[in-house]
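# Secondary and tertiary structure notes
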Amino acid sequence: MSPADSLPDWLAQQRPRYLAQPTLASELMEPALQYFAALPPEPASAAGVDLALLLVELLTETMRYPELDALVATALPWAEAVGDRAAQSTLQVALGRSHVRSGRFEPGLQALERGMGLARAEGRPALLAQALMQLGFALQRLQQFERSIAVRREAIALCRTSGDAGPWAQMFVGIAQCERALGRPAAALAALDEGVAVNAAQQRWGAAANALSGVIEEKVALGQLEAAAADLARGFDYVTRGGDKVSMARTEMRCAEGVWLAAKGQTEAAVHALEEVLAHYEQRRALPQISRRLKQLAPLLARLGRVDEALAAQARAYELQLDDVREAARQDLTLHHQRLQLEHAQAERLSAEQHAAAQAEGMRRLQALQQRLVEAGKLASLGALVAGVAHELNTPLGSALTAASTAAEQLQQLAGDSAAGRLTRSQFERLLQQCQQSCALVTRSLERTIALLSSYDKLKIEAEPRQQVQLAALLRSVWQRGCAEGEEQPLQQQLLLDFDARQRAMVAPEALSEVLAQLFDNARQHAYGGGPGQVRVEIDMAEAVLLRLRVRDAGAGIAPELLLRIFDPYVSSQFGRGRSGLGLFIAYVTCSQRLGARLSVDSEPGRGSCFEIEWAPA
């Protein structure tokens, strides 16, 4: 008997088992996935659609969302082929959740709207409740917290009246997060308590323990440590009942225990608990949880005097947050480009099929699409610039914040010991030295921040009047200034001018000097790596008008993977080694905005580079 033939009997046996005992989700997952992989892509079957619906529940129960995306992409056409509108509603809702989780709100909300329309048309309250549950999640991501709470409460009421046995109690955790964001901790705690009760009644021990971990952290924040201790015992009892199938819940309870230990003043034990939690999250690559727990761990490490580890934890937490923002932006931009490319292709096909009278309309649409692609490219560059600025500033500011917090704790300890008469000379000197180190770190971090902000002043685009200058004198002045500012070693490169030193031209001297400074610095640091070499400058003139200026080197050249992005912000072959990746971006912007010129580059690895500034004809 083939897998397709035995599938209906397997579903008839296993789905009731799962509904009666939700902790079987992990056990049923692998055989269900094997059945799904064995199904032929065509023709679609009702049993295949039923299997996909069961997998949607199992994957949601176990929070394996990436696999859920692939499943929906395959199963949705099946449901449409067999005309199962209820299944289409469930799969559209799952598709909407996938988009929303990835930050693609527009297609996500559209999919949810389609799912809700199908559910209403079928008159199925349970299906409508699932759609509302995911809409509440989307509204929360959009920071519409009051609406998210109202929508989720409506979904909960529908689940109760329809007798839905699915994992809908997770909505209470979302409600609690919204209440917390609105500054209502008591309401957040009440919502979490509701979720614990519903999950326990459904024997979803992992979900119950997970919700209870949130209750514990809320109670610790409110100073209710004895009540939190009782909940810890109850949560670990739920974990024991769930067995090996609730490892993630066990980790969350361990984390809640760490928070409770920290509040009790048992810092060493709290750090040990959080480090265990982080090790488990690292195995699962649960990046949002890693970021959150690193922020909790950093002040505890600082309290123990492990300042370097605290700074590293804080820096990685910020980096993970930035990675999350970048990934969401990348996915959104990819989807946007795909949609534009599809529209472009449709416009081209329509233009080819229509007669000559319709070609003018096709051309107009094509130009509109090209303009949108240009705008999308501008948005992509802006997104990269903003992400880069945030990355550059977060590290020194995060370091300064951690160091300042550490210094404040040390001063508080110093004051407490002094008031209690416990302060010895050695303790005073030790605490004073630690405070001095923290203050020095704050100073260095803020100086680095100021230096970074100063570098962005170079992006100003104010117009500058042209003046007649002697080009050779201007070039030598910029070269010598760059060498004096950046070199601690004796000068190892030589500037050669391949034109008449008496040549004069009308240029914007300040803007041209800025561009040349960046190009010379690029040659010194990247082409020759600080070693010996020659930088050659050539010009093309016609009737005393400067047309082109070229800066050549015979150095290392530019790798092909960098060449196409060489003028983008934060692109550098030495990024992270003291180079910001902004130099050529500043040169490119200055050329286009202040010089009215175009900057281009020609380069091959091992054969040097040639940067050319070309002015538009008057």
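Residues numbered from 1 in each chain as written. Predicted model: local features only at pLDDT ≥ 70, side-chain atom pairs only at ≥ 80, totals over all residues. Heavy atoms only, no water.

### Points about the overall build of the protein chain
- Each helix and strand counted, the protein chain has 22 helices and 7 strands in total.
- Residue burial in the protein chain is summarised as follows: out of 618 residues, 45% are buried.
- Pairs at least 24 apart in sequence give 66% of the contacts found in the protein chain among residues at least 6 apart.
- In the structure as shown, the protein chain presents an accessible area of about 31,000 Å², 53% of it carried by carbon and sulfur atoms. (Helix = DSSP H or I, 4+ residues; strand = E, 2+ residues; numbered from the N terminus. Buried < 20%, exposed > 50% of the residue type's maximum accessible area, 1.4 Å probe, protein only. Contact = heavy atoms within 4.5 Å. Areas by Shrake-Rupley, 256 points an atom, 1.4 Å probe, with all protein chains shown as cover.)

### So, the packing of aromatic side chains
- Overall, the coordinates contain 7 aromatic pairs when judged by the stated rule.
- With a centroid separation of 6.4 Å and an interplanar angle of 50°, the aromatic rings of Trp-168 and Phe-172 are classed as tilted.
- The class for Trp-168 is buried, based on a relative accessible area of 4%.
- Each member of the aromatic cluster is reached from another via a ring pair, and the members are Phe-567, Tyr-588 and Phe-611.
- The ring of Phe-137 has Arg-97 sitting right over it, with the charged end atom 4.6 Å from the ring centre. (Phe/Tyr/Trp six-rings, centres within 6.5 Å; stacked < 30°, edge-to-face > 60°. Lys NZ or Arg CZ within 6 Å of the ring centre and 35° of its normal.)

### Describing the nonpolar core
- Judged by nonpolar contacts, the single largest core of 77 residues is most densely connected at Leu-132, Leu-135, Trp-168, Met-171, Ile-216, Tyr-238 and Leu-294.
- By residue number, the principal contributor to this core is helix H7 (residues 125-141), which donates 10 residues.
- Setting aside residues up to four positions removed in sequence, Leu-294 forms contacts with Leu-278, Ala-313, Arg-316, Ala-317 and Leu-320.
- Among the nonpolar cores identified, the runner-up in size contains 42 residues, and Cys-483, Ala-505, Val-507 and Ile-539 belong to it. (Core = buried A, V, L, I, M, F, W, Y, C linked by side-chain atoms within 4.5 Å.)

### With respect to the sheet that holds strand S2 (residues 493-497)
- Pairing within the open sheet is mixed, and its 5 strands lie in the order S2-S4-S5-S7-S6. On the outer flanks of this sheet lie S2 and strand S6 (597-603), each paired with one strand and no other. The mean angle between the axes of side-by-side strands here comes to 15°, regardless of whether they run parallel or antiparallel.
- Two strands pair when backbone bridges link them, and S6 and strand S7 (residues 609-615) are joined in this way by 7 bridges, in the antiparallel orientation. What sits directly across from Ser-603, in S7, is Ser-609. (Pairing = 2+ DSSP bridges. Axes fitted to C-alpha atoms, helices over the stretch in contact; angles between N-to-C directions.)

### Observations concerning helix H14 (residues 267-284)
- Spanning 18 residues, H14 covers 26 Å between terminal C-alpha atoms, matching the ideal 26 Å at 1.5 Å per step.
- Taken as a whole, H14 has its buried residues at Thr-267, Ala-270, Val-271, Ala-273, Leu-274, Val-277, Leu-278, His-280 and Tyr-281.
- One or two positions beyond H14, positive phi appears at Arg-285, with a value near 55°. (Expected span 1.5 Å × (residues − 1).)

### Considering the side chain of Arg-254
- Note that Arg-254 resides in helix H13 (residues 247-263).
- When near neighbours in sequence (up to four residues on either side) are disregarded, Arg-254 contacts Phe-236, His-272, Ala-273, Glu-276 and Val-277.

### Concerning helix H11 (residues 205-221)
- The first and last C-alpha atoms of H11 sit 24 Å apart over 17 residues, in line with the 24 Å expected at 1.5 Å per residue.
- The buried fraction of H11 is high, at 14 of 17 residues.
- Immediately downstream of H11, the backbone of Gly-223 shows phi near 80°, a positive value.

### A few points about the pattern of salt bridges
- Following the criterion strictly, the structure yields 30 salt bridges and no others.
- A salt bridge links Glu-538 to Arg-550; the nearest nitrogen and oxygen atoms lie 2.9 Å apart. One end of the pair, Glu-538, is in strand S4 (residues 533-542); the other, Arg-550, is in strand S5 (residues 545-553), with 12 residues separating them in the sequence.
- Residue classification places Arg-550 among the buried residues on the basis of a relative accessible area of 12%.
- The partner of Arg-607 in a salt bridge is Glu-604, and the shortest N-O contact between them spans 3.4 Å.
- Since its relative accessible area comes to 65%, Arg-607 is described here as exposed.
- Each of Glu-538, Asp-540, Arg-548, Arg-550, Arg-552, Arg-598, Glu-612 and Glu-614 takes part in one network of salt bridges that share partners. (Salt bridge = Lys/Arg side-chain N within 4 Å of Asp/Glu carboxyl O.)

### Points about unusual backbone geometry
- For Gln-143, which is not glycine, the phi dihedral falls at a positive 65°.
- Along the chain, Gln-143 turns up in the loop between H7 and helix H8 (145-162).
- Judged by its relative accessible area of 60%, Gln-143 falls in the exposed class.
- Of note, Gln-203 is a non-glycine position whose phi angle comes to about 60°, a positive value.

### Re the environment of Ala-155
- Summarising the element assignment, Ala-155 is placed in helix H8.
- Using a relative accessible area of 0% as the deciding quantity, one classes Ala-155 as buried.
- Distance from Ala-155 to Leu-128, taken between C-alpha atoms, is 7.6 Å for residues 27 residues apart in sequence.

### Some details on the confidence of the model for the protein chain
- Residues with a pLDDT of 70 or more make up 85% of the protein chain, whose mean pLDDT is 82.
- Here helix H17 (residues 356-420) stands out as the element of the protein chain with the lowest mean pLDDT, 68, in contrast to S7, whose mean of 94 is the highest. (pLDDT = per-residue confidence, 0-100.)

### Regarding the packing of H11 against H13
- The N-to-C vectors of H11 and H13 enclose an angle of 15°; their axes lie 8 Å apart at closest approach. When the axes of H11 and H13 are compared, the pair comes out roughly parallel. In the crossing of H11 with H13, the sense of the turn from one axis to the other is left-handed. Where H11 abuts H13, its residues Gly-206, Ala-209, Asn-210, Ser-213, Ile-216, Glu-217 and Val-220 lie against Ala-249, Glu-252, Met-253, Cys-255, Ala-256, Val-259, Trp-260 and Ala-263.
- Across the contact of H11 with H13, the residue classes break down as 10 nonpolar, 3 polar and 2 charged. (Parallel < 35°, antiparallel > 145°, perpendicular 65-115°, else oblique. Left-handed = near helix turned anticlockwise from the far one by under 90°. Nonpolar A, V, L, I, M, F, W, Y, C, P; charged D, E, K, R; others polar.)

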